[in-house]
Amino acid sequence: MAKQKKFIFVTGGVLSSIGKGIAAASIGMLMEQRGIKVTMIKMDPYLNVDPGTMSPFQHGEVFVLDDGSETDLDLGHYSRFVEKAYFTKKNSFTTGRIYDAVIRRERAGGYLGKTVQVIPHITDEIKKHILEGSDDADLTIVEVGGTVGDIESLPFLEAIRQMRADQGAANVLFVHLTLVPYIAAAGELKTKPTQHSVKELREIGIQPDILLCRSDRKLPKDVKDKIGLFCNVPGEQVFSAVDVSSIYEVPLYFHEEALDEKIGEKLGIWTGRPDLSKWKEMVDKIKSPSGEVTIGIVGKYTDWRDSYKSLSESLIHGGVANDVRVQMLYIDSEEIEQGKNEDLLRSVDGILVPGGFGERGIEGKIKAIEFARKEKIPFFGICLGMQLAVVEFARNCAGIPDAHSAEFKPEGKSNVIDLMESQRGVSDKGGTMRLGGYVCNVLAKSGSKATKAFAAYGKEQVTERHRHRFEVANKFRPQLEEKGLLVTGRHVSKIDGTELVEMIELANHPYFLGCQFHPEFLSKPLAPHPLFSSFIKAAVDVGGKTQKKLKGIG
Ligand code: GLN
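All of the points below concern the structure found in this document. For clarity, every value in this text was computed on a predicted model and none was experimentally measured.

In terms of helices and strands, the protein carries 20 helices and 26 strands. Dimensions of the protein, computed from C-alpha atoms along their principal axes, come out at roughly 75 × 70 × 45 Å. Across the 554 residues that make up the protein, the buried fraction comes to 56%. In the protein, of all internal contacts separated by at least 6 residues, the share reaching a separation of at least 24 is 74%. In the form shown here, the protein has an accessible surface area of approximately 23,400 Å², with 51% of it arising from carbon and sulfur atoms. Taking the average location of the 73 positive side-chain charges in the protein and that of its 75 negative ones, the two points are 2 Å from each other.

Structure below.
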């Protein structure tokens, strides 16, 4: 008989944004560290078939996987917390994808004679997707997007309710995250919102086994017991999820309250204790580093937090690798265009231009790159950031004053950034994206010197994830390379043998590197991405303007 799979379903109540993704990822991390083969799934209740078409303002960053799927940003958290799980398209799905599958099957005659309904057809499809996503893992943690009480999440909740019966009560655990606010005027932690949210869950047939209570302080035993009493959960199954300064502390707090042990006990998973020493060491470095540097991030978004989630985490990881805290200073590129913000650019230890789409703020980003190049400030350009570095170099160093990217000047004569020949005239925009993992050949040396790329990676072949439509135009390469632009990473297209530029550098600069891919999708707190580590190292070594020693004699 096949081994019985175990499932944990994580739901959220009261409010959104109380950290359901981090809580789920933390449980995943703890159970993996206890020696269990874990995987994770995110179910999102919106009708987009995937988040690829959604603005990052609305739903945060689009996280890209090796297989090219565009997923919810929570997959980013899972990837950073759970070490061994390998995520694919199966690990993230939306209501849109479920309906799409059901409606296609209906049109193909797959339900002949039947009335196709939410229950059982949609719920069956959801369960099928969960089982497929669970793959060969012993334990699958499924996060239900949205908040209990939303009309949209109902089919997901009904499906997980059924799964308890399908899989056996002993193999399924319901974890519910709620908010327990502290009301200063009353001097009290308030449990009513939690009671209401659990009541709502129970009305649809789900009795949570474990409550995680987000709060600004630890819940005392009497509050846990009170919540337990009203919610029909033993007090010892009510846990605090306290606010912490670093998200990486969350699993440590959960472990301190023995959440992982309780989960193991409830699911009948017997393991030893987890070894969290490396994780603790990493958290200590984040909380109490030896120094500090400031990185200026030049972009157009006003709502940075979620649209650049992986990027900011990767900078933190780069800090861990160098034992420094990385302060992130967001610099509005439209203001640079208006001649403002030079003082800000001047004040930082490194300048980063991240990925992006659309024309707003482009010239400001180009100005910031020119500034970094001339003032010899460490520079890191990612995707759009690399493309604009090539445009800047073409205009100001290679004698192509009208150089641009075809994204912004489709009819331009000097588009050093352009669509690949094979992609021209393709009207389906989604179809022309280069998405997912591609091999990049790293140039080891330029002249007698090791390239920055090779110094960082220490190897000549890597795989990195992409999400873009435009590329460096090969016909301009001789002109650019002759003037000193180094192409230090390449990909040879399997389709037509075309060589694509993956990384660029400038030789006479302390650190000027651009990459066409998104290294931020691969960085993990225990394994900081080499390009982020080397960029932060450059900021420490040659930036040094805001640099402070935080520890020892300085
Ligand atoms: N807009 C650019 C392109 O499509 C860059 C995309 C990105 O930075 N992710 O090629």
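Time to look at the pattern of salt bridges. All told, the structure shown has 41 salt bridges when counted by the stated rule. Linking Glu158 and Arg161 is a salt bridge whose minimum nitrogen-to-oxygen distance equals 2.9 Å. One end of the pair is Glu158 and the other is Arg161, both in helix 6 (residues 154-167) and three residues apart, which spans about a single turn. Exposure remark for Glu158: the relative accessible area of 16% places this residue in the buried category. What emerges from the salt-bridge pattern is a single network uniting Lys20, Lys42, Asp44, Asp72, Asp74 and Glu143.

We now examine the pairing of strand 10 (residues 210-215). Buried residues dominate strand 10, accounting for five of its six residues. In terms of strand pairing, strand 7 (residues 172-179) meets strand 10 through five bridges, oriented parallel. Bridge pairing links His176 to Leu211 in strand 10. The pairing of strand 10 with strand 11 (residues 238-242) spans five bridges and is classified as parallel. Across the sheet, the residue bridging to Arg214 is Ala241, located in strand 11.

Time to look at helix 16 (residues 362-374). An ideal rise of 1.5 Å per residue puts 18 Å on 13 residues; helix 16 measures up with 19 Å between its terminal C-alpha atoms. Those residues of helix 16 not exposed but buried are Ile362, Gly364, Lys365, Ile366, Ala368, Ile369, Phe371, Ala372 and Arg373. Where helix 16 terminates, the next one or two residues include Lys376, which has phi positive at roughly 55°.

With respect to the helices, strands and loops of the structure, Ala403 is situated in the loop between helix 17 (384-396) and strand 16 (404-405). Remark: the alpha-carbon pair of Ala403 and Asn415, spanning twelve residues in sequence, is separated by 5.6 Å.

Analysis parameters
- Residues numbered from 1 in each chain as written.
- Predicted model: local features only at pLDDT ≥ 70, side-chain atom pairs only at ≥ 80, totals over all residues.
- Heavy atoms only, no water.
- Helix = DSSP H or I, 4+ residues; strand = E, 2+ residues; numbered from the N terminus.
- Buried < 20%, exposed > 50% of the residue type's maximum accessible area, 1.4 Å probe, protein only.
- Contact = heavy atoms within 4.5 Å.
- Areas by Shrake-Rupley, 256 points an atom, 1.4 Å probe, with all protein chains shown as cover.
- Lys, Arg positive; Asp, Glu negative; His and termini not counted.
- Charge placed at Lys NZ, Arg CZ, Asp CG, Glu CD.
- Salt bridge = Lys/Arg side-chain N within 4 Å of Asp/Glu carboxyl O.
- Pairing = 2+ DSSP bridges.
- Expected span 1.5 Å × (residues − 1).

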